[in-house]
Amino acid sequence: MAQGEPGPSVLARLVLVLLGVSFLGAAWVWGHRSEPWAGKMVERARQTVGR
């Protein structure tokens, strides 16, 4: 990218960072789904999706 070209907006960067953090958080909870607190969260998410 040339020095004069504008990059993604601050809002777009913020959205991408939040999506990444939420994805990593969901993956971490999924990895701990055998624990009682995480199992409830995973089951609630499955019911929401309908699976």
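In what follows, the accompanying structure is described.

Rules used throughout
Residues numbered from 1 in each chain as written. Predicted model: local features only at pLDDT ≥ 70, side-chain atom pairs only at ≥ 80, totals over all residues. Heavy atoms only, no water. Helix = DSSP H or I, 4+ residues; strand = E, 2+ residues; numbered from the N terminus. Rg over C-alpha atoms; globule rule 2.2 N^0.38 Å. Buried < 20%, exposed > 50% of the residue type's maximum accessible area, 1.4 Å probe, protein only. Patch = residues over 30% accessible without salt bridge, like charges linked within 9 Å, V, L, I, M, F, W, Y side chains within 5 Å. Areas by Shrake-Rupley, 256 points an atom, 1.4 Å probe, with all protein chains shown as cover. Salt bridge = Lys/Arg side-chain N within 4 Å of Asp/Glu carboxyl O.

### Here's the deal with the overall build of the chain
Right, on to step 1. Counting secondary structure elements, the chain contains 2 helices and 0 strands.
Right, on to step 2. By the compact-globule yardstick of 10 Å for 51 residues, the chain is too spread out, its C-alpha radius of gyration being 17 Å.
Right, on to step 3. For the chain, the spread of C-alpha atoms along the principal axes amounts to about 50 × 20 × 15 Å.
Right, on to step 4. Considering the chain as a whole, with its 51 residues, one finds that 6% of them fall into the buried category.

### Quick look at a nonpolar patch on the surface
Right, on to step 1. Among the surface-exposed residues, Leu11, Leu14, Val15, Leu16, Leu18 and Leu19 lie close enough to one another that they form a single nonpolar patch of about 610 Å² accessible area.
Right, on to step 2. On the secondary structure map, leucine 11 appears in helix H1 (residues 10-31).
Right, on to step 3. Exposure remark for leucine 11: the relative accessible area of 59% places this residue in the exposed category.

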